[in-house]
Amino acid sequence: MNNSKRKRVFSGVQPTGKLTIGNYVGALQQWVTHQGDNDTIFCVVDLHTLTFPEDMTPKVRFEKSREVVALYLACGIDPKQSDIFVQSHVREHTELTWVLNCVTPIGWLERMTQYKVKAQGRESVSTGLLDYPVLMAADILLYETDLVPVGDDQKQHLEVTSDIAQRFNHLFGNVFRIPQVVIPKTGARLMGLDDPTAKMSKSTAEKKVGHAVCLLDPENVIKKTVMSAVTDSGQEVRLEHASPGVINLLTIYEVLTKTPRPEIEARFAGKGYGQLKKDVFVAIMETLRPLQERYRQITADPAYVEQVIKDGADRVRPIAERMMRQVREMTGLG
Ligand code: TRP
């Protein structure tokens, strides 16, 4: 591909909970497709996990970030084509966050759906939780990002990132590139298998069996989860009136097997739910079996994982440093 067409792609996942097939189809599976033709940077955002400081011990925080790096690798992120790093290893993320905080009206953050949901029912939440979107904006803006491939639930965060970038550019001069969100056409939002009205979530997955298929779940657990997925009181797939649970299963099948919609319809219309679930289970195992095998090989060599994140941080740090130097100059902080 022509060099001038190369885009900077940046994305990340929080190392919390248990990564699910929702994370795979909403994010990781699409990240892999950007490799090669673009400059791809994938981050494990450990600083974001401090927003609930008691939810994780320091030891688990450290281990989880390595686990997620290994999962990136197992999903097909190739360290020869992409830079993989851990957010806290590049100091500029926190420094830029402070500067961006000062151009971000509090009202923008108080309105964020994710903030409201996460704060709900808690007696008190940290300032960091409110500030979460600004740290995310810093992640993205530091690297002159063009494209941010994420799941559907991150749309609002990307809107605020653009707003913050525009406000800074307006106040201090044009330095930030305005990023574009990339949401997959199908599967951007898988629903809980136990409750197809709620998004499949990696934190719920940690607490509730049957909620999600996790990338590292053993085969028998996956089978049980899929076979007991909530559908509806019907017996067979009726495409015109499919319920959310059935649509969710069809979606999982579609995105994992990359089967065209008409073929899926021909295959499942009028078939029993038992057959649909069995086929979904097979499709999941065809994806996860090789992924888990690669994960086992990768984690057998922890030094390799450390090397990957050290090299990744060493490669991206100069980009972040250059941007931060510009920001300091433009704001009179030089
Ligand atoms: N908020 C994202 C999530 O929960 C994680 C994230 C943090 C992120 N910084 C990012 C994603 C930058 C994309 C780009 O999934």
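Residues numbered from 1 in each chain as written. Predicted model: local features only at pLDDT ≥ 70, side-chain atom pairs only at ≥ 80, totals over all residues. Heavy atoms only, no water.

There is about 260 Å³ of room inside the second largest pocket. When residues of the lining of the second largest pocket are traced back to their parent elements, those giving at least two are helix H1 (21-34) and helix H10 (244-257). Tallying contributions element by element places H1 first for the lining of the second largest pocket, with four residues. The residue makeup of the lining of the second largest pocket, split by class, is three nonpolar, five polar and three charged. No fewer than three residues from each of domain 1 (8-184 + 301-331) and domain 2 (202-296) sit in the lining of the second largest pocket. (1 Å grid on protein atoms, 1.4 Å probe; cavity = no way out; pocket = protein on both sides within 12 Å on 5 of 7 lines; lining within 4 Å. Points joined across faces, edges and corners; volume = space filled by probe spheres on them. Helix = DSSP H or I, 4+ residues; strand = E, 2+ residues; numbered from the N terminus. Nonpolar A, V, L, I, M, F, W, Y, C, P; charged D, E, K, R; others polar. Domains from an automatic or database assignment.)

Looking now at the state of the cysteines. Here the structure, examined in full by the defined rule, presents zero disulfides. Counting only cysteine sulfurs, Cys75 is the nearest neighbor of Cys43, a cysteine outside any disulfide, at a range of 16 Å. (Disulfide = S-S within 2.5 Å.)

Let us now look at the pattern of salt bridges. On inspection of all chains with the given rule, the structure shows 20 salt bridges. We note a salt bridge from Arg177 to Glu144, for which the minimum N-O separation is 3.8 Å. Placement of Arg177 in the loop between helix H7 (155-172) and strand E5 (180-182) and of Glu144 in the loop between helix H6 (127-141) and strand E4 (147-149) is noted, with a sequence separation of 33 residues between them. The closest approach of N and O atoms between Glu254 and Arg261, which form a salt bridge, is 2.8 Å. Overall, Arg261 belongs to the partly exposed group, its relative accessible area being 46%. Each of Glu144, Asp146 and Arg177 takes part in one network of salt bridges that share partners. (Salt bridge = Lys/Arg side-chain N within 4 Å of Asp/Glu carboxyl O. Buried < 20%, exposed > 50% of the residue type's maximum accessible area, 1.4 Å probe, protein only.)

In this section: the site of the ligand. Looking at the ligand, the residues that line it are Phe10, Ser11, Gly12, Val45, His48, Tyr132, Met136, Asp139, Ile140, Val148, Val150 and Gln154. Here a nitrogen atom of the ligand and a side-chain polar atom of Tyr132 are 2.8 Å apart. In this structure, Asp139 approaches the ligand through a side-chain N or O atom, which is 2.7 Å from a nitrogen atom. Protein chains shield 92% of the accessible area of the ligand, which is 360 Å² for the free molecule. Counting residues per element, the ones that place at least two in the shell around the ligand are strand E1 (8-13) and H6. The greatest single-element share of the shell around the ligand, amounting to four residues, is contributed by H6. (Near = heavy atom within 4 Å. Polar contact = N/O pair within 3.5 Å; in protein donor to acceptor, adjacent residues only side chain to side chain. Areas by Shrake-Rupley, 256 points an atom, 1.4 Å probe, with all protein chains shown as cover.)

Most of the time, phi is negative for any residue but glycine, and the peptide bond is trans. Although it is not a glycine, Glu144 sits at a positive phi angle of roughly 45°. The partly exposed category is assigned to Glu144, whose relative accessible area is 28%. At Lys258, a residue that is not glycine, the phi angle is positive and equals roughly 55°. Note on placement: Lys258 falls in the loop between H10 and helix H11 (261-268).

Our next topic: the environment of Glu329. As for its placement among the helices and strands, Glu329 is situated in helix H13 (residues 302-331). With 69 residues separating them along the chain, Glu329 and Pro260 place their C-alpha atoms 52 Å apart.

Put simply, side chains in a regular strand alternate between the two faces of the sheet. In terms of residue burial, E1 counts as a mostly covered element, since five of its six residues are buried. Bridging between E1 and strand E2 (residues 39-44) involves six bridges; their strand directions are parallel. Counted as the bridge partner of Arg8 is Asp39 from E2. Of the crossover connections in this fold, the one passing from E1 over H1 to the parallel E2 is right-handed. (Pairing = 2+ DSSP bridges. Right-handed = clockwise from strand over helix to strand, strands pointing away.)

To continue, consider the side chain of Lys64. Summarising the element assignment, Lys64 is placed in helix H2 (residues 58-75). For Lys64, a relative accessible area of 11% translates into the label buried. Sequence-distant contacts of Lys64, that is, excluding residues within four places in its chain, are made with Pro15, Gly17, Met56 and Glu206. (Contact = heavy atoms within 4.5 Å.)

So, about the domain arrangement of the chain. Split into domains, the chain comes out as domain 1 (8-184 + 301-331) and domain 2 (202-296). At the junction of the two partners, domain 1 supplies 19 residues and domain 2 supplies 20 residues. Interface area for domain 1 against domain 2, summed over the two sides, is near 1600 Å², with a carbon-plus-sulfur share of 71%. When the buried surface of domain 1 facing domain 2 is broken down by residue, Lys18, Ile21 and Ala74 rank first, second and third, together holding 37% of it. Viewed at the interface, domain 2 and domain 1 are joined by one salt bridge. Taking the shortest distance from any N to any O, the salt bridge between Asp217 and Lys18 comes out at 3.7 Å. Between domain 1 and domain 2 we count six residue pairs in polar contact (both at pLDDT 80 or more) in total. (Buried area = accessible area lost by both parts, 1.4 Å probe.)

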